[in-house]
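Results of the structural survey
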Amino acid sequence: MPFDGFIMKTVVEKIRDLILGKNVRNIYLYDKVIYFSFDEGDLKVSLNPNYSHVSFTNHIVKEPDKHTFVELLRSRIRGARVHELTTNAYERTMIMKLRKIDEIGEKHEYELYFDIMGKHSNAIFVENGIIIDAYKRIETRVRNIFPGEQFTLFSSEKLPIDEVTFEKLKSALEKFQNKQRMISEFIYSTVQGFSKQTAEELLLRSELEDKPVSRITERELEKLVVGLLSILEEIKQKSVYIYYENEQPTDISAFRLHKYNDLKRCDDVIACINEYFDFVENKDKLIQKRSQLLSIVNSRISSLEELLAQIEKEKEECLEAEKYRKYGELIKAYSYQIPHGGSEVELFDWETNENVSVPLETHLSPIENSVKYFKLYNKLKKKAEGLKERENILRKELDYLRQLQDTIENAETLEDLEEIEDEMIENDLIKSKHKKKGNKSKIEHTKSEPRKYLYNGFTILVGRNNKQNDELVRKSSEHDIWLHVQGMPGAHVVIKTNGKPVEEDVLLYAAKLAAQFSKGKYSTKVPVDYTYIKYVKKPKGFKPGLVLYSNFKTLFVTPDERFQQSK
């Protein structure tokens, strides 16, 4: 749904009480959200297609985005007084009217129209019916949004809910063209503010099934009118409902939706709107940030895999080295018997008791051919050693990247991902955009804590990222128990023993945590190694999150996603 015309009208009426007669102090833009600052707080207009809405909040924009439209607004309406804030009936358009006397004493009557319509959201700046400019300049079949054009509102033939009568609804039904369309479609195509979901609520209240319009009776039409009146009565109460799933906001509405059970009615409309959309925004940013970081890591992994594949090919070529050594030795041993100028010679190999056909360069003497093969042997042997060293370096980096990939996938908050992003900047996977003269400047983020679980009197810690994994190893007591999935990326898990013996059920619980926060979380019988911290070492030069360990035992467990939430 979720920000439909009913919520729009309810929210705007609440905001109107806060800013009517107040002066605009400043205007900012951040991530497709325009903030109009007042002494009492900020009018928030989100044009972001993933969470378009309006609200009122207290927001500090540290690094606002630059946009010519916002700069124009700042130059024209900073200091202007709001003398009207309303909606276009129950459509998703908010209208803010402002008055201002400019520097030369000229009076201006400005209007700002905010269309809150997902990907079609826009802000249009108008004076005397003429468009000054818009956030998005667009041309559609209905209207042109360009500077200098005459402004027109979206034309709507839908009925406002507070004007619906049986006669009007019956007339609209008779004009409805495709009678095979469903009643729910007729509702949201005919009455302002409705979506498919709220149309289904109306059918539920009217005790009607969703069926083709052609089959609706006058009695059923009367039931729809009664249902609409009950919804209108709830809307007039100027509350909103917020709905939850797994204790997280999942939907909002201006009247009760009976398909949900876990809900809260809010008389403080602004607070509930902010609660819902703060969650939606953070979730959207979390998804985008995770996708961005994974894209960088996956791209680097692909590059390393291609390099390793190339190294494998070159290693195969280096296998020829022993053959060239053999050629050199045979030519050297039989040089006195080999005639000069031949292109090939067959020589007896005393190690295999077989004859070997050896190619020769015709312009070289036997000894010179022997020297050539020894040089080739030494060159390929040296190359093989270099390839082995490079392969080891690349495989260590690949192990680190796969560990990093796993921590990104398991990150639960935006803060977790920001810490991982800092780690990636430090390891030169991302170029820092924030630099000071002479050195890089780190962006300050609130430091997160490891996931914490309490089980049978023991505290169990699970690292959220590679830095935390390293800290868990570094700061734990030598008798604490460390766990990690075997042979795959995953979080470091530490049981804080405080010197007490650890029962098997605690070990199994911690092992399931290690399996859940790893690449093996969708598998069964995942091997998890455990040992005392004193046997876990981090050699110098190892990437974050990578360690060596010894004296370990192994448990086989099946992950349990119920452990995802720390306690």
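On a predicted model such as this, the values are computed, not experimentally measured, just so you know.

In this section: the packing of helix H9 (residues 366-410) against helix H10 (residues 414-426). Look at H9 against H10: their axes get within 10 Å of each other, and the N-to-C directions meet at 160°. Viewed along their axes, H9 and H10 adopt a mutual orientation that is roughly antiparallel. For the element pair H9 and H10, the recorded crossing hand is left-handed. Residues Tyr-400, Leu-404, Thr-407 and Ile-408 of H9 pack against Leu-417, Ile-420, Glu-423 and Met-424 of H10. For the contact of H9 with H10, the class distribution of residues is 6 nonpolar, 1 polar and 1 charged.

Further remarks concern the pairing of strand S4 (residues 53-57). Burial analysis of S4 places 5 of its 5 residues in the buried class, which makes it a mostly covered element. Of the two faces of S4, both are covered, the one formed by His-53, Ser-55 and Thr-57 as well as the one formed by Val-54 and Phe-56. Where strand S3 (residues 41-46) folds back on S4, the antiparallel hairpin that results is connected by 6 residues.

In this section: unusual backbone geometry. For Ala-89, which is not a glycine, the phi torsion comes out positive at approximately 55°. Considering the arrangement of structural elements, one finds Ala-89 in the loop between strand S5 (81-87) and strand S6 (93-101). Taking relative accessible area as the criterion, Ala-89 reaches 29% and is therefore assigned partly exposed. Of note, Glu-247 is a non-glycine position whose phi angle comes to about 65°, a positive value. When you line up the elements, Glu-247 lands in the loop between strand S12 (240-245) and strand S13 (248-253).

A few words on the sheet that holds strand S1 (residues 26-30). Strand pairing within a sheet occurs via backbone hydrogen bonds; the two strands may be parallel or antiparallel. Pairing is antiparallel in the open sheet, where 4 strands are placed in the order S1-S2-S3-S4. Both edges of this open sheet fall to S1 and S4, since each of them pairs with a single strand only. Neighbour-to-neighbour, the strand axes of this sheet turn through a mean angle of 20°, independent of strand direction. In the packing of helix H1 (residues 5-19) onto the sheet, contacts are made with strand S2 (33-38), S3 and S4, and the angle to S4 comes to roughly 30°. The strands touched by helix H7 (residues 269-318) are S1, S3 and S4; relative to S4, the strand with the most contacts, the crossing angle is about 115°.

Here the focus is the nonpolar core. Phe-36, Leu-43, Met-96, Leu-112, Ile-161, Phe-194 and Leu-224 are the most contacted members of the largest nonpolar core, which has 87 residues in total. The contacts of Leu-43, once residues within four sequence positions are left out, are Ile-15, Ile-19, Ile-34, Tyr-35, Phe-36, Phe-38, Ser-55, Phe-56, Met-94 and Met-96. One finds Leu-294, Leu-387, Leu-401 and Leu-429 within the second-largest nonpolar core, a separate group that totals 39 residues.

Attention shifts here to the pairing of strand S15 (residues 344-349). Only one face of S15 is buried, namely the one carrying Val-345, Leu-347 and Asp-349, since none of Glu-344, Glu-346 and Phe-348 on the opposite face is buried. Two strands pair when backbone bridges link them, and S15 and strand S16 (residues 354-359) are joined in this way by 6 bridges, in the antiparallel orientation. Pairing of Leu-347 across the sheet is with Val-356, part of S16. The hairpin formed by S15 and S16 contains 4 residues between the paired strands, and Asn-353 there has a positive phi angle of roughly 60°.

Here the focus is the state of the cysteines. By definition, a disulfide links the sulfur atoms of two cysteine residues through a covalent bond. With the rule as written, the count across this model stands at 1 disulfide. Each disulfide pairs two cysteine sulfurs, and for Cys-266 the partner residue is Cys-272, the sulfurs being separated by 1.7 Å. One quick way to see it: the torsion about the S-S bond of Cys-266 and Cys-272 is about -50°, and its sign makes the bridge left-handed.

Another point: the sheet that holds strand S14 (residues 263-266). Strand order across the open sheet formed by 3 strands is S13-S12-S14, with antiparallel pairing between neighbours. Because the sheet does not close on itself, it has two edges, and the strands there are S13 and S14. When the angles between neighbouring strand axes are averaged without regard to direction, this sheet yields 25°.

The N-to-C vectors of helix H5 (residues 196-205) and helix H6 (residues 218-236) enclose an angle of 115°; their axes lie 8 Å apart at closest approach. Classified by chirality, the crossing of H6 by H5 is right-handed. Of H6, the residues touching H5 (which contributes Leu-202, Leu-203 and Arg-205) are Leu-224, Gly-227, Leu-228, Ser-230, Ile-231 and Glu-234. Looking at the contact of H5 with H6, its residues break down into 5 nonpolar, 2 polar and 2 charged.

This paragraph deals with the pattern of salt bridges. Any two side chains of opposite charge can pair, on the condition that their charged atoms come close. In this structure the tally under the stated criterion is 40 salt bridges. The partner of Arg-99 in a salt bridge is Glu-109, and the shortest N-O contact between them spans 3.0 Å. Placement of the pair is Arg-99 in strand S6 and Glu-109 in strand S7 (residues 107-115), with a sequence separation of 10 residues. The partly exposed category is assigned to Arg-99, whose relative accessible area is 45%. Across the salt bridge formed by Arg-143 and Asp-115, the nearest N and O atoms sit 2.7 Å from each other. Pair noted here: Arg-143 is in the loop between strand S10 (138-139) and strand S11 (144-145) and Asp-115 is in strand S7, with a separation of 28 residues, a long-range link. According to the relative accessible area criterion, Arg-143 is buried, its value standing at 8%.

Per-residue pLDDT for the protein chain averages 90, and the proportion of residues at 70 or more is 96%. Within the model, the stretch residues 435-443 combines pLDDT values under 50 with 11 contacts to residues more than four positions away or in other chains.

The subject of this paragraph is the environment of Val-485. With respect to the helices and strands, Val-485 occurs in strand S21 (residues 481-485). Residue class for Val-485 comes out buried when judged on its relative accessible area of 1%. Linking Val-485 and Gly-21, residues 464 residues apart in sequence, is a C-alpha distance of 63 Å. Those residues within four positions of Val-485 in sequence are excluded, and the remaining contacts are Gly-490, Ala-514, Ala-515, Ser-518, Val-526, Pro-527 and Val-528.

Conventions we followed
- Residues numbered from 1 in each chain as written.
- Predicted model: local features only at pLDDT ≥ 70, side-chain atom pairs only at ≥ 80, totals over all residues.
- Heavy atoms only, no water.
- Axes fitted to C-alpha atoms, helices over the stretch in contact; angles between N-to-C directions.
- Helix = DSSP H or I, 4+ residues; strand = E, 2+ residues; numbered from the N terminus.
- Parallel < 35°, antiparallel > 145°, perpendicular 65-115°, else oblique.
- Left-handed = near helix turned anticlockwise from the far one by under 90°.
- Contact = heavy atoms within 4.5 Å.
- Nonpolar A, V, L, I, M, F, W, Y, C, P; charged D, E, K, R; others polar.
- Buried < 20%, exposed > 50% of the residue type's maximum accessible area, 1.4 Å probe, protein only.
- Pairing = 2+ DSSP bridges.
- Core = buried A, V, L, I, M, F, W, Y, C linked by side-chain atoms within 4.5 Å.
- Disulfide = S-S within 2.5 Å.
- Salt bridge = Lys/Arg side-chain N within 4 Å of Asp/Glu carboxyl O.
- pLDDT = per-residue confidence, 0-100.

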